[in-house]
Amino acid sequence: MVKELPMKLSLMLLGSLCWSLSVLAQPVLIVNYGPSDNAPYIIEQANGEPSGVIVELMQEFAVRSGIEVTFLKTPRKRLEFSLETGKVHIVVTSNPKWLKQPDKVKWTIPLFIEKNILVIPKTAPDIVKLDDLKGLSIGTVLGYAYPEIAPLFANGEALRVDALEVLQSLQKMQVNRIDAVITSDIQGEWLLKHHGFDDDFVFARFLISEHEIIPAISNLSPVSVEKFNRVFLSMQQDGFIERLLNRYRQ
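Residues numbered from 1 in each chain as written. Predicted model: local features only at pLDDT ≥ 70, side-chain atom pairs only at ≥ 80, totals over all residues. Heavy atoms only, no water.

Examining helix α8 (residues 240–249)
Then comes step 1: Within the sequence span of α8, burial applies to F240, I241, L244, L245 and Y248. Along the axis of α8, the buried positions cluster into a sector of 130 degrees, meaning they face one direction only.
Then comes step 2: On its buried face, α8 sits against β2 (43–44), α2 (53–65), β7 (112–121), α6 (185–194) and α7 (225–237). (Buried < 20%, exposed > 50% of the residue type's maximum accessible area, 1.4 Å probe, protein only. Helix = DSSP H or I, 4+ residues; strand = E, 2+ residues; numbered from the N terminus. Arc of directions from axis to C-beta. Contact = heavy atoms within 4.5 Å.)

Here's what the structure looks like:
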(Lines give C-alpha, C1' and ligand atoms only; values in the text may rest on other atoms or scores of the structure.)
Protein backbone atom coordinates (compact mmCIF):
# COMPACT_ATOMS: atom_id res chain seq x y z
CA MET A 1 0.00 0.00 0.00
CA VAL A 2 1.34 3.49 -0.95
CA LYS A 3 1.17 5.90 1.93
CA GLU A 4 -0.31 9.27 1.06
CA LEU A 5 1.88 12.32 1.68
CA PRO A 6 0.62 14.85 4.23
CA MET A 7 -1.21 17.75 2.60
CA LYS A 8 1.37 20.34 3.80
CA LEU A 9 4.28 18.34 2.35
CA SER A 10 2.41 17.84 -0.93
CA LEU A 11 1.84 21.59 -1.26
CA MET A 12 5.50 22.28 -0.49
CA LEU A 13 6.64 19.83 -3.18
CA LEU A 14 4.19 21.29 -5.67
CA GLY A 15 5.41 24.81 -4.91
CA SER A 16 9.04 23.72 -5.31
CA LEU A 17 8.24 22.11 -8.65
CA CYS A 18 6.44 25.23 -9.90
CA TRP A 19 9.38 27.42 -8.85
CA SER A 20 11.84 25.13 -10.62
CA LEU A 21 9.76 25.17 -13.79
CA SER A 22 9.49 28.98 -13.68
CA VAL A 23 13.29 29.26 -13.42
CA LEU A 24 13.79 26.86 -16.29
CA ALA A 25 11.25 28.82 -18.34
CA GLN A 26 13.12 32.13 -18.00
CA PRO A 27 13.88 33.54 -21.44
CA VAL A 28 17.54 33.80 -22.40
CA LEU A 29 18.43 36.99 -24.23
CA ILE A 30 21.43 36.77 -26.59
CA VAL A 31 23.37 40.05 -26.57
CA ASN A 32 25.67 40.79 -29.47
CA TYR A 33 29.12 42.26 -29.25
CA GLY A 34 31.78 42.46 -31.92
CA PRO A 35 35.42 43.28 -32.63
CA SER A 36 34.41 46.85 -33.48
CA ASP A 37 32.91 47.42 -30.00
CA ASN A 38 36.04 49.08 -28.68
CA ALA A 39 36.75 49.53 -24.99
CA PRO A 40 35.09 50.55 -22.81
CA TYR A 41 31.94 49.27 -24.56
CA ILE A 42 33.50 45.81 -24.54
CA ILE A 43 36.65 44.89 -22.62
CA GLU A 44 37.76 41.32 -23.26
CA GLN A 45 39.33 39.73 -20.20
CA ALA A 46 42.32 37.39 -20.20
CA ASN A 47 39.95 34.42 -19.89
CA GLY A 48 38.05 35.55 -23.00
CA GLU A 49 34.99 36.73 -21.09
CA PRO A 50 33.67 40.21 -22.00
CA SER A 51 33.14 43.06 -19.57
CA GLY A 52 32.53 46.78 -20.05
CA VAL A 53 29.58 49.10 -20.68
CA ILE A 54 27.52 46.72 -22.82
CA VAL A 55 27.93 43.84 -20.37
CA GLU A 56 27.08 45.87 -17.26
CA LEU A 57 24.15 47.55 -18.98
CA MET A 58 22.59 44.28 -20.07
CA GLN A 59 23.29 42.50 -16.79
CA GLU A 60 21.36 45.28 -15.05
CA PHE A 61 18.61 44.91 -17.65
CA ALA A 62 18.46 41.18 -16.85
CA VAL A 63 18.07 41.84 -13.12
CA ARG A 64 15.28 44.36 -13.66
CA SER A 65 13.52 42.15 -16.22
CA GLY A 66 13.82 38.78 -14.48
CA ILE A 67 15.55 37.15 -17.44
CA GLU A 68 18.93 35.65 -18.25
CA VAL A 69 21.41 37.14 -20.69
CA THR A 70 24.30 35.63 -22.58
CA PHE A 71 26.86 37.39 -24.76
CA LEU A 72 27.84 36.29 -28.25
CA LYS A 73 30.69 37.70 -30.32
CA THR A 74 29.53 38.31 -33.89
CA PRO A 75 31.50 39.62 -36.89
CA ARG A 76 30.21 42.97 -38.12
CA LYS A 77 29.49 41.65 -41.62
CA ARG A 78 27.20 38.96 -40.12
CA LEU A 79 25.38 41.35 -37.81
CA GLU A 80 22.18 41.97 -39.77
CA PHE A 81 21.84 38.30 -40.74
CA SER A 82 22.30 37.29 -37.09
CA LEU A 83 19.54 39.70 -36.02
CA GLU A 84 17.21 38.57 -38.78
CA THR A 85 17.65 34.87 -37.97
CA GLY A 86 17.55 35.31 -34.18
CA LYS A 87 21.12 34.15 -33.62
CA VAL A 88 21.41 37.35 -31.59
CA HIS A 89 18.50 39.25 -30.06
CA ILE A 90 19.94 42.71 -29.41
CA VAL A 91 22.74 44.92 -30.70
CA VAL A 92 23.14 47.61 -28.05
CA THR A 93 25.46 50.09 -29.80
CA SER A 94 23.45 50.62 -32.97
CA ASN A 95 21.46 53.18 -34.92
CA PRO A 96 19.05 52.81 -37.89
CA LYS A 97 21.51 54.77 -40.05
CA TRP A 98 24.13 52.05 -39.65
CA LEU A 99 22.12 49.10 -40.97
CA LYS A 100 21.48 48.38 -44.63
CA GLN A 101 17.91 47.23 -43.89
CA PRO A 102 16.84 48.93 -40.64
CA ASP A 103 13.17 48.10 -41.25
CA LYS A 104 13.88 44.38 -40.72
CA VAL A 105 14.48 44.88 -36.99
CA LYS A 106 12.80 46.78 -34.17
CA TRP A 107 14.28 49.78 -32.38
CA THR A 108 14.15 50.78 -28.73
CA ILE A 109 14.22 54.27 -27.29
CA PRO A 110 17.62 56.05 -27.60
CA LEU A 111 19.89 55.30 -24.64
CA PHE A 112 22.39 58.18 -24.86
CA ILE A 113 24.20 60.53 -27.23
CA GLU A 114 27.61 59.59 -28.62
CA LYS A 115 29.95 62.08 -30.30
CA ASN A 116 32.51 61.41 -33.02
CA ILE A 117 35.62 63.42 -32.25
CA LEU A 118 39.26 63.64 -33.31
CA VAL A 119 42.34 62.79 -31.29
CA ILE A 120 45.49 64.64 -32.35
CA PRO A 121 49.06 64.99 -31.01
CA LYS A 122 49.51 67.75 -28.43
CA THR A 123 52.22 69.24 -30.63
CA ALA A 124 49.95 69.48 -33.71
CA PRO A 125 47.84 72.52 -34.66
CA ASP A 126 44.26 72.31 -33.41
CA ILE A 127 41.57 71.19 -35.85
CA VAL A 128 38.61 73.57 -35.67
CA LYS A 129 36.92 73.20 -39.07
CA LEU A 130 36.51 70.69 -41.87
CA ASP A 131 39.15 72.32 -44.09
CA ASP A 132 41.77 71.70 -41.40
CA LEU A 133 41.56 67.99 -42.24
CA LYS A 134 42.83 68.51 -45.77
CA GLY A 135 46.21 66.92 -46.33
CA LEU A 136 46.00 64.76 -43.20
CA SER A 137 46.09 60.98 -42.86
CA ILE A 138 43.25 60.00 -40.53
CA GLY A 139 42.88 56.79 -38.54
CA THR A 140 39.47 55.17 -39.03
CA VAL A 141 37.77 51.89 -38.09
CA LEU A 142 37.43 49.32 -40.87
CA GLY A 143 33.84 49.05 -42.06
CA TYR A 144 32.67 52.31 -40.49
CA ALA A 145 31.24 55.12 -42.58
CA TYR A 146 31.96 58.77 -41.84
CA PRO A 147 29.57 60.66 -44.14
CA GLU A 148 30.51 64.07 -42.75
CA ILE A 149 34.08 63.79 -44.01
CA ALA A 150 33.66 61.13 -46.72
CA PRO A 151 33.98 63.73 -49.54
CA LEU A 152 37.52 64.53 -48.36
CA PHE A 153 38.48 60.89 -48.67
CA ALA A 154 36.71 60.50 -52.02
CA ASN A 155 38.46 63.54 -53.49
CA GLY A 156 41.86 62.55 -52.17
CA GLU A 157 42.01 65.65 -49.96
CA ALA A 158 42.55 63.47 -46.89
CA LEU A 159 43.79 59.90 -46.54
CA ARG A 160 41.69 57.28 -44.78
CA VAL A 161 43.82 54.73 -42.87
CA ASP A 162 41.72 51.81 -41.60
CA ALA A 163 42.40 49.67 -38.53
CA LEU A 164 40.34 47.01 -36.80
CA GLU A 165 40.06 49.12 -33.65
CA VAL A 166 40.81 52.62 -32.41
CA LEU A 167 43.70 51.52 -30.18
CA GLN A 168 45.65 50.37 -33.24
CA SER A 169 45.16 53.80 -34.83
CA LEU A 170 46.36 55.58 -31.69
CA GLN A 171 49.47 53.41 -31.67
CA LYS A 172 50.12 54.35 -35.31
CA MET A 173 49.79 58.02 -34.44
CA GLN A 174 52.24 57.60 -31.57
CA VAL A 175 54.94 56.65 -34.10
CA ASN A 176 53.90 59.43 -36.53
CA ARG A 177 52.36 57.16 -39.16
CA ILE A 178 49.07 59.09 -39.16
CA ASP A 179 48.04 62.63 -38.17
CA ALA A 180 44.67 62.20 -36.41
CA VAL A 181 42.31 59.49 -35.18
CA ILE A 182 38.49 59.42 -35.25
CA THR A 183 36.85 57.93 -32.19
CA SER A 184 33.81 58.40 -29.99
CA ASP A 185 34.01 60.60 -26.92
CA ILE A 186 33.62 57.80 -24.35
CA GLN A 187 36.02 55.48 -26.17
CA GLY A 188 38.58 58.23 -26.64
CA GLU A 189 38.50 59.28 -23.00
CA TRP A 190 38.89 55.69 -21.80
CA LEU A 191 41.69 54.80 -24.23
CA LEU A 192 43.77 57.89 -23.49
CA LYS A 193 43.59 57.33 -19.74
CA HIS A 194 44.12 53.57 -19.71
CA HIS A 195 46.83 53.22 -22.35
CA GLY A 196 49.21 56.00 -21.36
CA PHE A 197 48.34 58.44 -24.14
CA ASP A 198 47.36 61.35 -21.88
CA ASP A 199 50.76 63.00 -22.17
CA ASP A 200 50.89 62.72 -25.96
CA PHE A 201 47.39 63.35 -27.31
CA VAL A 202 44.47 65.78 -26.93
CA PHE A 203 40.98 66.11 -28.37
CA ALA A 204 40.59 68.54 -31.27
CA ARG A 205 37.85 71.17 -31.00
CA PHE A 206 36.27 70.07 -34.27
CA LEU A 207 33.17 67.91 -33.70
CA ILE A 208 32.68 65.51 -36.58
CA SER A 209 29.17 64.35 -35.66
CA GLU A 210 26.91 63.21 -32.88
CA HIS A 211 24.29 60.50 -32.94
CA GLU A 212 21.95 58.57 -30.69
CA ILE A 213 22.78 55.07 -29.53
CA ILE A 214 19.61 53.08 -30.24
CA PRO A 215 19.60 49.31 -29.66
CA ALA A 216 18.44 47.09 -32.53
CA ILE A 217 16.10 44.25 -31.55
CA SER A 218 15.55 41.04 -33.50
CA ASN A 219 11.97 40.20 -34.40
CA LEU A 220 12.73 36.79 -32.83
CA SER A 221 13.75 38.26 -29.47
CA PRO A 222 12.09 36.57 -26.46
CA VAL A 223 11.71 40.06 -24.93
CA SER A 224 9.30 42.51 -26.54
CA VAL A 225 10.43 45.95 -27.64
CA GLU A 226 7.82 47.39 -25.25
CA LYS A 227 9.52 45.68 -22.30
CA PHE A 228 12.92 46.87 -23.51
CA ASN A 229 11.60 50.41 -23.57
CA ARG A 230 10.04 50.20 -20.10
CA VAL A 231 13.23 48.88 -18.51
CA PHE A 232 15.60 51.15 -20.42
CA LEU A 233 13.45 54.15 -19.45
CA SER A 234 13.66 53.16 -15.78
CA MET A 235 17.46 52.91 -16.11
CA GLN A 236 17.56 56.41 -17.56
CA GLN A 237 15.20 57.92 -15.01
CA ASP A 238 17.06 56.63 -11.96
CA GLY A 239 20.42 57.66 -13.43
CA PHE A 240 21.88 54.18 -13.88
CA ILE A 241 22.99 54.71 -17.50
CA GLU A 242 24.58 58.09 -16.77
CA ARG A 243 26.44 56.70 -13.75
CA LEU A 244 27.65 53.73 -15.77
CA LEU A 245 29.04 55.90 -18.57
CA ASN A 246 30.63 58.36 -16.15
CA ARG A 247 32.41 55.55 -14.32
CA TYR A 248 34.13 54.49 -17.53
CA ARG A 249 35.08 58.11 -18.27
CA GLN A 250 37.09 58.35 -15.04
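More follows now that the structure is in view.
Structural notes on the sheet that holds strand β11 (residues 201–213)
Then comes step 1: Within the open sheet, the 5 strands sit side by side as β9-β8-β10-β7-β11. Their pairing is mixed. Both edges of this open sheet fall to β9 (159–163) and β11, since each of them pairs with a single strand only. Averaged over neighbouring strand pairs, the angle between their axes works out to 25 degrees when direction is ignored.
Then comes step 2: Note that strand β8 (residues 137–141) and strand β10 (residues 180–184) share 2 bridges and pair parallel. Note on β10: the bridge partner recorded for I138 is A180.
Then comes step 3: Sheet strands touched by helix α5 (residues 166–174): β7, β8, β9, β10 and β11. Its angle to β10, the strand with the most contacts, is close to 155 degrees. (Pairing = 2+ DSSP bridges. Axes fitted to C-alpha atoms, helices over the stretch in contact; angles between N-to-C directions.)

Thoughts on the packing of α6 against α8
When two helices pack together, their arrangement is given by the angle between the helix axes and by the axis-to-axis distance.
Then comes step 1: Where α6 meets α8, the closest approach of the two axes is 8 Å, and the angle between their N-to-C directions is 35 degrees. Here α6 contributes D185, I186, E189, W190 and K193 to the contact with α8, which in turn contributes L245, Y248 and R249.
Then comes step 2: Per-class residue counts for the contact of α6 with α8 are 4 nonpolar, no polar and 4 charged. (Nonpolar A, V, L, I, M, F, W, Y, C, P; charged D, E, K, R; others polar.)

Here's the deal with the pattern of salt bridges
Then comes step 1: Considering all chains together, one arrives at 12 salt bridges under this definition.
Then comes step 2: Between E44 and K73 there is a salt bridge, with its nearest N and O atoms 3.0 Å apart. Of this pair, E44 sits in strand β2 while K73 sits in strand β4 (residues 68–73), placing them 29 residues apart in sequence.
Then comes step 3: Measuring nitrogen to oxygen at the nearest pair gives 3.4 Å for the salt bridge that ties D131 to K134.
Then comes step 4: According to the relative accessible area criterion, D131 is partly exposed, its value standing at 46%.
Then comes step 5: Look at the salt bridges and you will find they share partners, linking E60, R64 and D238 into a network. (Salt bridge = Lys/Arg side-chain N within 4 Å of Asp/Glu carboxyl O.)

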